[in-house]
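Listed below are the residues making up each chain.
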Amino acid sequence: MASIFRFCLIAMAGLALGAAGQPDLGRITPVHTHDMRCAAAFAVVAARQAGGDPAALALPPFGLRGRVYMGKVGERVAREAGLPGDAVHDLLASAAQKLGPQGALAVAGPCLAELDATVPRRPAPGPVDCFAILDAYARVLTGRDPASPLGATLRGEAAALAPTAHDPTTDRLVDAARARVRDALTGGDGTIDADDFAACRARARG
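Residues numbered from 1 in each chain as written. Predicted model: local features only at pLDDT ≥ 70, side-chain atom pairs only at ≥ 80, totals over all residues. Heavy atoms only, no water.

## Re the overall build of the chain
And step 1. Across its full length, the chain holds ten helices and zero strands.
And step 2. For the chain, the succession of helices and strands along the chain, N to C, is α-α-α-α-α-α-α-α-α-α.
And step 3. Within the chain, buried positions represent 40% of all 206 residues.
And step 4. Once local pairs closer than 6 in sequence are excluded, the contacts in the chain between residues at least 24 apart make up 80%.
And step 5. Put simply, the chain shows about 10700 Å² of open surface, and 58% of that area lies on carbon and sulfur atoms. (Helix = DSSP H or I, 4+ residues; strand = E, 2+ residues; numbered from the N terminus. Buried < 20%, exposed > 50% of the residue type's maximum accessible area, 1.4 Å probe, protein only. Contact = heavy atoms within 4.5 Å. Areas by Shrake-Rupley, 256 points an atom, 1.4 Å probe, with all protein chains shown as cover.)

## Some details on helix 10 (residues 194–205)
And step 1. Relative to the 16 Å expected for twelve residues at 1.5 Å per residue, helix 10 spans 17 Å between its end C-alpha atoms, a close match to the ideal helical length.
And step 2. Among all positions of helix 10, only Asp-195, Asp-196, Ala-198, Cys-200, Arg-201 and Ala-204 are buried.
And step 3. A positive backbone phi angle near 70° is found at Gly-206, which sits one or two residues after helix 10. (Expected span 1.5 Å × (residues − 1).)

## Some words on the side chain of Asp-35
And step 1. Considering the arrangement of structural elements, one finds Asp-35 in helix 2 (residues 30–50).
And step 2. When its relative accessible area of 8% is taken as the criterion, Asp-35 is described as buried.
And step 3. If we ignore the near neighbours within four places in the chain, the residues touching Asp-35 are Tyr-69, Val-73 and Arg-76.

## Regarding the pattern of salt bridges
And step 1. Under the counting rule described, the total for this entry stands at ten salt bridges.
And step 2. Linking Arg-76 and Asp-35 is a salt bridge whose minimum nitrogen-to-oxygen distance equals 2.5 Å. Taken as a pair, Arg-76 in helix 4 (residues 63–81) and Asp-35 in helix 2 lie far apart in primary sequence, 41 residues in all.
And step 3. In this structure Arg-76 comes out as partly exposed when scored by relative accessible area, which is 22%.
And step 4. For the salt bridge of Asp-53 with Arg-48, the shortest nitrogen-to-oxygen distance reads 3.5 Å.
And step 5. Taking the relative accessible area as the measure of exposure, Asp-53 reaches 16% and is therefore buried.
And step 6. Given the relative accessible area of 34%, Arg-48 is considered partly exposed. (Salt bridge = Lys/Arg side-chain N within 4 Å of Asp/Glu carboxyl O.)

## Details of the state of the cysteines
And step 1. Summed over the entire model, instances satisfying the criterion amount to two disulfides.
And step 2. Bridging Cys-38 to Cys-111, the disulfide has an S-S length of 1.9 Å. Disulfide Cys-38-Cys-111: torsion about the S-S bond near -70°, hence left-handed. Taken together, the residues Cys-38 in helix 2 and Cys-111 in the loop between helix 5 (85–108) and helix 6 (112–118) connect sequence positions 73 residues apart. Cys-111 carries the same exposure label as Cys-38, and that label is buried. (Disulfide = S-S within 2.5 Å.)

## Quick look at the packing of helix 2 against helix 4
And step 1. Remark: helix 2 packs on helix 4, axes separated minimally by 9 Å, with the N-to-C direction vectors making an angle of 155°. With respect to each other, helix 2 and helix 4 are oriented roughly antiparallel. Note on packing geometry: the crossing formed by helix 2 with helix 4 is left-handed. Residues Val-31, His-32, Asp-35, Met-36, Cys-38, Ala-39, Ala-40, Phe-42, Ala-43, Ala-46 and Gln-49 of helix 2 form the contact with helix 4, whose participating residues are Gly-63, Gly-66, Tyr-69, Met-70, Val-73, Arg-76, Val-77, Glu-80 and Ala-81.
And step 2. The residue inventory of the contact of helix 2 with helix 4, partitioned by class, reads 13 nonpolar, four polar and three charged. (Axes fitted to C-alpha atoms, helices over the stretch in contact; angles between N-to-C directions. Parallel < 35°, antiparallel > 145°, perpendicular 65-115°, else oblique. Left-handed = near helix turned anticlockwise from the far one by under 90°. Nonpolar A, V, L, I, M, F, W, Y, C, P; charged D, E, K, R; others polar.)

## A short note on the nonpolar core
And step 1. Counting 34 residues, the largest nonpolar core has Phe-42, Val-45, Phe-62, Tyr-69, Val-88, Ala-108 and Leu-115 as the members making the most contacts within it.
And step 2. Of all elements in the fold, only helix 2, helix 4, helix 5 and helix 6 reach the threshold of two or more residues within this core.
And step 3. In this structure, Leu-115 is in contact with Phe-42, Phe-62, Arg-65, Tyr-69 and Pro-120, ignoring residues within four places of it in sequence.
And step 4. Membership of the second largest hydrophobic core comes to 15 residues, among which are Ala-136, Ala-158, Ala-177 and Ala-204. (Core = buried A, V, L, I, M, F, W, Y, C linked by side-chain atoms within 4.5 Å.)

See below:
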C-alpha cells in the first residue's frame, strides 16, 4: 500500500487518475470514508512538509507515520468493503485531489487522534541528536557540492541547535549523538527516518 501514498501525492499535483473500472462501492461505510479522507490529508500535507511549507511544518511530520496509516486503512477498507486494491488506490487518490493543499491542512489536524491511535508516535529526537543529524546531512551535501543551497541551509539550522556549553559531559553527549547518526547512515542498527529529519528542521526553526 506504500504506492497508494505516492499515488496520492501525484494526484494532489493534478495529474490524471488511473481508471479503476466500476467497482461496487456499496459496502463503503462512513468510517471508511472518514479514514480514507484522513489518510489522503496526511499524504498531501506530507508533500507540503517536504517542500518546506510553514503551515504544513506546524503539524507533526507525516512522512513515515502517514504512509503506515494509509497502508493500514487501505488494507482494511479493501478487506471490509470487498474491493480490489486498485479501487481503494483510486478512492484515496481522489480524496487527496478533492482536498487539495488547504483542505488537507484543515483535515489533518482533527485526524491526529486517529493517527496516534493507529500508529503511535515515537519520541522525537532531542536537541543534541537533532544537531548531530542536521550537521551530518549538511556535511554530506556540502562535501558533494560546496555551493549546495540545502547544505548551507542545514548548516545554519544545525548551528541553531549547537550546544553552547563546552564541557566534558556535553562533549560526550555530542560524540555519542554523532556516533548514532553515523551508525544510522552507514547501515548499522540505528535508524533516522524522514520524520526525524523533519522534526529536527522544525526544532531548529523554532
